[in-house]
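Structural overview
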Amino acid sequence: YAVSQFNNSDGPRHIAFSKDGRHAYIVHELSNEVSVTEYQDGKFIELERHSTIPRDFDGESKLAAVRLSYDGKHLYISNR
């Protein structure tokens, strides 16, 4: 699959796919952001992007893991 559309400074680390395989949630270790994507024909199309830290955060943080709840309603992401 292609992740070349993401910025090199993002550092994609982990992916969680929806049960139907049509969506993927990609955590970017270096930018502390998560991409909500549509997955088609081996390519990710970014639909949304969200930060996992407050704008005024001044400490060190990197994203580690991503999990989707069994019912697909909740996304869990850890920062380290």
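From a predicted model like this one, the values you see are computed outputs, not experimental measurements.

Quick notes on the rules
- Residues numbered from 1 in each chain as written.
- Predicted model: local features only at pLDDT ≥ 70, side-chain atom pairs only at ≥ 80, totals over all residues.
- Heavy atoms only, no water.
- Core = buried A, V, L, I, M, F, W, Y, C linked by side-chain atoms within 4.5 Å.
- Buried < 20%, exposed > 50% of the residue type's maximum accessible area, 1.4 Å probe, protein only.
- Helix = DSSP H or I, 4+ residues; strand = E, 2+ residues; numbered from the N terminus.
- Contact = heavy atoms within 4.5 Å.
- Salt bridge = Lys/Arg side-chain N within 4 Å of Asp/Glu carboxyl O.
- pLDDT = per-residue confidence, 0-100.
- Pairing = 2+ DSSP bridges.
- Phe/Tyr/Trp six-rings, centres within 6.5 Å; stacked < 30°, edge-to-face > 60°.
- Lys NZ or Arg CZ within 6 Å of the ring centre and 35° of its normal.

1. Some words on the nonpolar core
- Residues Ala16, Tyr25, Val27, Val34, Val36, Leu63 and Val66 constitute the largest nonpolar core, which totals seven residues.
- Those elements that provide at least two residues to this core are β2 (23-28), β3 (33-40) and β5 (63-68).
- Excluding residues that lie within four positions of it along the chain, Ala16 makes contacts with His23, Ala24, Tyr25, Val66 and Leu68.

2. Thoughts on the pattern of salt bridges
- If you walk through the whole model with that rule in mind, you get five salt bridges.
- In this structure, Glu46 engages Arg49 in a salt bridge whose closest nitrogen and oxygen atoms are separated by 3.0 Å.
- Arg49 gets classed as partly exposed once you look at its relative accessible area, which sits at 29%.

3. What about the confidence of the model for the protein chain?
- Mean pLDDT over the protein chain stands at 88; residues scoring 70 or higher make up 90%.
- Summarising per-element confidence for the protein chain, the mean pLDDT is lowest in strand β1 (residues 12-17) (90) and highest in β2 (94).

4. Focus: the pairing of β5
- Pairing of β5 with strand β6 (residues 75-79), which is carried by five bridges, proceeds in the antiparallel orientation. For Leu63, the partnering residue across the bridge sits in β6 and is Asn79.
- What sits between β5 and β6 in their antiparallel hairpin is a turn of six residues, with Gly72 showing a positive phi close to 75 degrees.

5. Focus: the packing of aromatic side chains
- Under the defined criterion, the tally for this structure stands at three aromatic pairs.
- Geometrically, the ring pair formed by Phe17 and Tyr39 is edge-to-face, given 5.3 Å between the ring centres and 75 degrees between the ring planes. Remark: Tyr39 occurs in strand β3 and Phe17 occurs in strand β1; sequence separation between them is 22 residues.
- For Phe17, a relative accessible area of 36% puts it in the partly exposed group.
- On the basis of relative accessibility, which here comes to 24%, the residue Tyr39 falls in the partly exposed class.
- Note on Phe17 and Phe44: the rings are 6.3 Å apart at their centroids and 35 degrees apart in plane angle, and the pair reads as tilted. With Phe17 in strand β1 and Phe44 in strand β4 (residues 43-51), this pair connects stretches of sequence that are 27 residues apart.
- On the basis of relative accessible area, Phe44 is assigned to the buried category, the value being 1%.
- Through successive ring pairs, a cluster of aromatic residues spans Phe17, Tyr39 and Phe44.
- Geometry around Tyr70 places Lys19 over its ring, the cationic atom sitting 3.7 Å from the centre.

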